[in-house]
Amino acid sequence: MLAHLPVLQVIVPLLAAPLCLFLTRPRLAWGFALFVSALAFVISCILLQQVMSSGIIIYELGGWEAPWGIEYRIDPLNAFLLLIITAISTVVLLAAHTSIQQEIPRERQTLFYILYLLSLAGMLGIVATGDAFNVFVFLEISSLSAYALIALGKDRRALWAAYQYLIMGTVGATFILIGIGLMYQMTGTLNMDDLSRRLPEVEHTRTVFTAYAFIIVGICLKLALFPLHLWLPNAYAYAPSIVTAFFAATATKVAIYLLIRFTFSVFGLTFSFTALPLRLLFLTLGLVGVFAASTTAIYQKNVKHLFAYSSIAQIGYMIIGFSVSTTTGLMATLLHLFNHALMKGALFLALCGVIYRIGSVQLKHFNGLGYQMPYTMAAVVIGGLSLIGVPLTVGFISKWYLILAVIENGWWPVAVLILLGSLLAVVYIWRIVESAYFKSPLPGRGNIKEAPLSILLPVWLLVIANIYFGIDTRLSVQVTQAAAMSLFGVGP
Amino acid sequence: MGHYNYWIVIVLMMIGFYIVIAHGNLIKKIIGLGIFQTSVFILYISMANVDGGTAPIFAEGICQYSNPLPHVLILTAIVVGIATTALGLALTLRIKEAYGTIEEEEIQEKDNLDC
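This is a predicted model, so every value here is computed, not measured. (Residues numbered from 1 in each chain as written. Chains lettered and ligands numbered in written order. Predicted model: local features only at pLDDT ≥ 70, side-chain atom pairs only at ≥ 80, totals over all residues. Heavy atoms only, no water.)

Visitor: Please clarify how the overall build of chain B should be interpreted in this entry.
Guide: Within chain B, the regular secondary structure consists of four helices and zero strands. In terms of C-alpha radius of gyration, chain B reaches 20 Å, well past the compact-globule figure of 13 Å for 115 residues. Viewed in the frame of its principal axes, chain B has a C-alpha envelope of about 70 × 30 × 15 Å. Taken over 115 residues, chain B has a buried fraction of 33%. (Helix = DSSP H or I, 4+ residues; strand = E, 2+ residues; numbered from the N terminus. Rg over C-alpha atoms; globule rule 2.2 N^0.38 Å. Buried < 20%, exposed > 50% of the residue type's maximum accessible area, 1.4 Å probe, protein only.)

Written out as structure tokens, the structure reads:
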């Protein structure tokens, strides 16, 4: 049983999704989905523990030896990502039933859980697999279900957002497909490990260069790197709140994982950073992304839009860490991956509660909310502080490592710019705080109760995680360090 | 002209991509996306071709055959393409119901009015 964990990680949610069809009552489907997600979480915990104690786990699907068969290869990086995805998915699902009951018509609720599990399975598959073509297949599984999930939003703009995401996402995925095809053409293999050994023999050819360029652009579309982020704000803003919380915390992280995997493991560091001026390109795009997106966030009237733009800015930070391309830089990226999932999970789940009670996330409706929904708004404030990077929150840890990495490289001006970027976050978080605590409620609004416990509980679970991992960094730092070192080919 | 297939791939790719970007009609965009994806299918099929090779059948007298793996890969990608097209068309249908139009500009206009 233990030996089959890598494949069970993906297969369990994949097979559970169609089984939901038999559960016509939404509550049953929810319970089942929650159970499956929790099971996936337990599997990922065991996998991480195994990887950290005994090294890389290789699983050959159907007993076919790699590179002929597909292999799943779990190293510290995958295991870390699997843990983030399953943990967030489980916590978000805790709140799902209450929120979905209100936002999605009853007859579609079961379908919602099917799509949710499919999307989860897709993301887990992308991360677990060691086969380049398999990545594409799982990418499409998760994306197609994501488009449908976003289209479930109440507002008709959700449909338009889903359509735009579908076009952009498909173009991105097809780019990745082209890249994989060209790699196969040159090497005759699709196994990532095998590719990493065979690509250097042909790396001077234009085909390999083209393959790399296609893959990078495709992935950047998926991860909403500025200026390829245009699909993201509306998709996040009009999707059902649960979907936003899930995707904001996981979807772009998976794309960052792919970027790291292809750059470091498949193409190798020397090729990746010499073929394209990747370092300068990503540093510039990351910085511009931080400033452009944070500034746009300040002017948003819809709080979901505000946090969506903030997400794009946070991706900018991850890309800066990536562009440093040292162990510390990569650690900063991976830490921020984890930490950002905790922050945005908490924030968007808290918005779930707000939507549940007042049915809107317009900033003007937040007036006076600090006194009417004290626990929800306290969660938003702590999440916001974490986003800014205040000490004792996880945000501080990732900013600390990022600045450390940048300074190690001697990029002082970049460090200053990162700090300035954080100040912009202060401004947009302050706008919410100002509304919630220093303005009187809009006239004619009745008594508003605190969000229900079923939403409040997962929110605070994530908020406490935000503080806990901001103080006790052993787990996150240890794992990210192992992951970064294994990518650079040193250490275990 | 040795790379005849690849030229076709590039031409189709650019036509498809152009339609996706330039056209405001949602159905036309999906058609463009279809052409774009098809060009990639041809790319895979072309690279699998072996000069003088036959279909990969295990039988006597057949010693040279095309590489079957890209065929299998692209079968998967075709299925994905169909799913994407179907989902795109379904969304277009719902957009038509909700907005009364499938022109990008008009949808954008109606959204701006809502804000």
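Visitor: I would appreciate a short explanation of the environment of G345 of chain A in the present structure.
Guide: Residue and element names in this part refer to chain A. Secondary-structure assignment places G345 in helix α14 (residues 327-358). Considered as a pair, G345 and S89 are 256 residues apart in the sequence and their alpha carbons are 9.4 Å apart. Beyond its immediate chain neighbours, meaning those up to four positions away, G345 contacts A245, A249, H340 and L462. (Contact = heavy atoms within 4.5 Å.)

Visitor: Just checking my understanding: could you explain the layout of surface pockets for this structure?
Guide: Rolled over the atoms, a probe sized like a water molecule indicates the empty space that remains. In this structure, the largest pocket spans a volume of roughly 1,300 Å³. Contributing to the lining of the largest pocket are 47 residues, with R157, A161, N234, Y238 and H305 of chain A lying nearest its centre. Counting only elements with at least two residues in the lining of the largest pocket, the list comes to α3 (76-103), α6 (157-187), α8 (206-222), α9 (232-238) and α13 (303-324) of chain A together with α1 (4-22) and α4 (104-114) of chain B. No other element matches the nine residues that α6 of chain A contributes to the lining of the largest pocket. Looking at the lining of the largest pocket residue by residue, the classes come out as 24 nonpolar, 13 polar and 10 charged. (1 Å grid on protein atoms, 1.4 Å probe; cavity = no way out; pocket = protein on both sides within 12 Å on 5 of 7 lines; lining within 4 Å. Points joined across faces, edges and corners; volume = space filled by probe spheres on them. Nonpolar A, V, L, I, M, F, W, Y, C, P; charged D, E, K, R; others polar.)

Visitor: For this particular structure, what's the right way to read the interface of chain A and chain B?
Guide: It is common to give the size of an interface as the accessible area lost on bringing the parts into contact. On the side of chain B, 38 residues touch chain A, which itself brings 29 residues to the contact. Between chain A and chain B, the buried area comes to about 3,100 Å², and carbon and sulfur atoms account for 76% of it. For chain A, the biggest contributors to the area lost against chain B are R156, W160 and Y163 of chain A; these three give 24% of the whole. Our count for the chain A to chain B interface comes out at zero salt bridges. Between the two partners, chain A and chain B, sit seven residue pairs in polar contact (both at pLDDT 80 or more). Put simply, the parts of the chain that give the side of chain A that touches chain B at least two residues each are α5 (132-151) and α6 of chain A. Here the residues of the side of chain A that touches chain B sort into 21 nonpolar, four polar and four charged. (Buried area = accessible area lost by both parts, 1.4 Å probe. Salt bridge = Lys/Arg side-chain N within 4 Å of Asp/Glu carboxyl O. Polar contact = N/O pair within 3.5 Å; in protein donor to acceptor, adjacent residues only side chain to side chain.)

Visitor: How do you make sense of the side chain of T129 of chain A when you look at a structure like this?
Guide: Looking at where T129 of chain A falls in the secondary structure, it is placed in the loop between α4 (106-128) and α5. Relative accessible area serves as the criterion here: at 1%, T129 of chain A is assigned to the buried category.

Visitor: In this structure, what is going on with the pattern of salt bridges? I would like to understand it.
Guide: For side chains bearing opposite charge, pairing can occur when the charged atoms are close. All names here are of chain A. Inspection of the entire model under this criterion finds nine salt bridges over all chains. Put simply, D194 and R197 hold a salt bridge, and the shortest N to O gap is 3.7 Å. Of the two residues, D194 and R197 are both situated in helix α7 (residues 192-198); the distance of three residues between them amounts to about one turn of the helix. Several salt bridges share partner residues, and in doing so they unite E71, R73, D193, D194, R197 and R198 into one network.

Visitor: Would you take a moment to explain the nonpolar core for this structure?
Guide: Most often, soluble globular proteins keep nonpolar side chains buried together rather than apart. With 228 residues, the main nonpolar core has F112, Y113, M183, I242, F267, F307 and L349 of chain A as its most contacted residues. Of all the elements, α14 of chain A adds the most residues to this core, at 19 residues. (Core = buried A, V, L, I, M, F, W, Y, C linked by side-chain atoms within 4.5 Å.)

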